[in-house]
Amino acid sequence: MIVVMRHGSSAESIAKVVHFVEAAGLKTQVSQGVERTVIGLIGDKTRIDRSLVENMPDVDEIIEVSKPYKRAAREMHPDDTVITLDNGLKIGGKNDPVVMAGPCTVENWEVLSEIAEAVKAAGARVLRGGAWKPRTSPYAFQGLGEEGLQLLARAREETGLPIVSELMDAKDLPLFLKYPVDIIQIGARNMQNFSLLKELGRVDKPILLKRGLSATIEEWLMSAEYILSGGNARVILCERGIRTIEKYTRNTLDLSAVPVIKKMSHLPIIIDPSHAVGHWDYVPSMSRAAIAAGADGLIIEVHSSPEKAACDGGQCLKPGVFAGLMQDVRALVKYR
Ligand code: PEP
Ligand code: MN
């Protein structure tokens, strides 16, 4: 249920509604938009006498939110949420799309620093790199673990780029906060790891929540809801392709997720074309399409020697191709 306040309603009227609702044991989420202020009610609505709220000063109307995701819903927060990283970089809203780039996995300092310098020079604003890798085979390279985070922290210091890296297990969270990792990525395979999502609700770090391999948009938003309801409002959604009958690409990029999410939710959404298509030569066109569709950013795998990459070499762009793509991205942004 949301209470829509009249345009220009006073702080006192807003506080009165909040106080009344909270006194009945519900929680509130106040969203002060340009056009209007809405007060979201979360909890047992039967404890509220609707007609009493309707007659409070400056209350315009009361709308039922039928969707199971409440805090992630656009109705609750009519304006786009803008996520600010600890270095001040803003993702979402009317800000220019943010491109995150780097290797699939951190391998060693030489390779990481070469890639980090290259993506920075091309215009990437965040460095990606996995330290723990969710591999289908237990015999495949599993990531460097803590050493990977150490190398990412060094690259962060040398380039000034914030870091995004995947957390697979809550037990490693203290390490992510220690180094630190600026955006904690939750991979597709963990999108419905609810105990992990609950832990992230208590963390003061932005979370990049990837869409599960076979998750519907509603299931994805319900996962975001776990993090939001725990108290962490900084959630960025990431579409990375879903399982379909098509085998020619690694997954099928559901680009329609961009306008659908924009309508259903206020959270920013970025696109991962690399894991979606699985072949480097399809990555630039899907990246351009994502920017044209209104995505708030991209996360792209780049490697200086893809043929030698420890993981996902076939979908990594070489730095030169990435630099060319960044020029296209900058050109397209002007038309949004
Ligand atoms: C990754 O970003 O390296 C990754 C494993 O992604 P996903 O969870 O989307 O497969
Ligand atoms: Mn990868």
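All values derive from a computational prediction rather than experimental measurement.

**Q** Describe in detail the overall build of the protein chain, supporting the description with residues and values.
**A** Helices and strands together make up the secondary structure of the protein chain, namely 11 helices and 14 strands. Taking 20 Å as the expected radius of gyration for a compact globule of 336 residues, we find that the protein chain reaches 21 Å, a close match to that expectation. A burial count over the protein chain gives 55% of its 336 residues as buried.

**Q** I'd love a proper account of the domain arrangement of the protein chain, names of residues and values included.
**A** Segmenting the protein chain into domains produces domain 1 (2-64) and domain 2 (83-333). Taking only C-alpha atoms, the centre of domain 1 and the centre of domain 2 are 37 Å apart.

**Q** Describe the coordination of the manganese ion (ligand 2), and please don't skip the residues or the numbers.
**A** On the protein side, the manganese ion (ligand 2) has Cys104 (SG), His275 (NE2), Glu301 (OE) and Asp312 (OD) as donor atoms, found 2.0 to 2.4 Å from it. As a motif over one chain, the donors of the manganese ion (ligand 2) read C-x170-H-x25-E-x10-D. With His275 in helix H9 (residues 273-277) and Glu301 in strand E14 (residues 297-301), this pair connects stretches of sequence that are 26 residues apart. Classification of His275 by relative accessible area gives buried; the value is 8%.

**Q** Describe in detail the site of ligand 1, supporting the description with residues and values.
**A** The environment of ligand 1 is made up of 13 residues, and the closest members are Arg128, Lys133, Ala188, Arg189 and Arg240. Between ligand 1 and Arg128 there is a distance of 2.9 Å, counted from an oxygen atom to a side-chain nitrogen or oxygen. The separation between an oxygen atom of ligand 1 and a polar side-chain atom of Arg189 is 2.8 Å. Protein chains shield 97% of the accessible area of ligand 1, which is 300 Å² for the free molecule. Put simply, ligand 1 lies in the largest pocket. Of the residues contributing to the shell around ligand 1, the split by class is 3 nonpolar, 3 polar and 7 charged.

**Q** I'd like a description of the packing of aromatic side chains, backed by residues and values.
**A** Taken as a whole, this structure holds 3 aromatic pairs when the rule is applied. Taken together, a centroid distance of 4.7 Å and an interplanar angle of 25 degrees make the contact between Phe194 and Tyr226 stacked. With Phe194 in helix H6 (residues 194-201) and Tyr226 in helix H7 (residues 217-229), the pair connects residues that are 32 residues apart, well separated along the chain. With relative accessibility at 29%, the residue Tyr226 sits in the partly exposed group. Of note, Arg154 hangs over the ring of Trp109, and the distance from its end group to the ring centre comes to 3.9 Å.

**Q** Which residues make up the packing of helix H3 (residues 109-122) against helix H11 (residues 319-333), and what are the values?
**A** With their axes 9 Å apart at the nearest point, H3 and H11 run at an angle of 25 degrees to one another. Overall, the two elements H3 and H11 adopt an arrangement that is roughly parallel. You can see that H3 and H11 cross each other, and the crossing is right-handed. Across from Ala118, Val119 and Ala122 in H3, the residues of H11 making contact are Pro319, Phe322, Ala323, Met326 and Arg330. Considering only residue class, the contact of H3 with H11 consists of 7 nonpolar, no polar and 1 charged.

**Q** Describe in detail the layout of surface pockets, supporting the description with residues and values.
**A** A probe matching the size of a water molecule, rolled over the atoms, marks out where space remains unfilled. Its boundaries defined by the atoms lining it, the largest pocket holds a volume of some 230 Å³. Together, 17 residues line the largest pocket, and Pro134, Arg189, Arg250, His275 and Asp312 are the ones closest to its centre. Of the residues assigned to the lining of the largest pocket, the class counts are 4 nonpolar, 4 polar and 9 charged. What the second largest pocket holds in volume is close to 150 Å³.

**Q** So what about the state of the cysteines? Which residues, and what values?
**A** Summed over all chains, the structure comprises 0 disulfides. You can see Cys316 has no disulfide; the closest cysteine sulfur is in Cys104, sitting 6.5 Å from it.

Rules used in this analysis
Residues numbered from 1 in each chain as written. Chains lettered and ligands numbered in written order. Predicted model: local features only at pLDDT ≥ 70, side-chain atom pairs only at ≥ 80, totals over all residues. Heavy atoms only, no water. Helix = DSSP H or I, 4+ residues; strand = E, 2+ residues; numbered from the N terminus. Rg over C-alpha atoms; globule rule 2.2 N^0.38 Å. Buried < 20%, exposed > 50% of the residue type's maximum accessible area, 1.4 Å probe, protein only. Domains from an automatic or database assignment. Donors = N, O, S within 2.8 Å, 3.2 Å for Na, K, Ca; no water. Near = heavy atom within 4 Å. Polar contact = N/O pair within 3.5 Å; in protein donor to acceptor, adjacent residues only side chain to side chain. Areas by Shrake-Rupley, 256 points an atom, 1.4 Å probe, with all protein chains shown as cover. 1 Å grid on protein atoms, 1.4 Å probe; cavity = no way out; pocket = protein on both sides within 12 Å on 5 of 7 lines; lining within 4 Å. Sits in = over half its atoms within 2 Å of the grid points. Nonpolar A, V, L, I, M, F, W, Y, C, P; charged D, E, K, R; others polar. Phe/Tyr/Trp six-rings, centres within 6.5 Å; stacked < 30°, edge-to-face > 60°. Lys NZ or Arg CZ within 6 Å of the ring centre and 35° of its normal. Axes fitted to C-alpha atoms, helices over the stretch in contact; angles between N-to-C directions. Parallel < 35°, antiparallel > 145°, perpendicular 65-115°, else oblique. Left-handed = near helix turned anticlockwise from the far one by under 90°. Contact = heavy atoms within 4.5 Å. Points joined across faces, edges and corners; volume = space filled by probe spheres on them. Disulfide = S-S within 2.5 Å.

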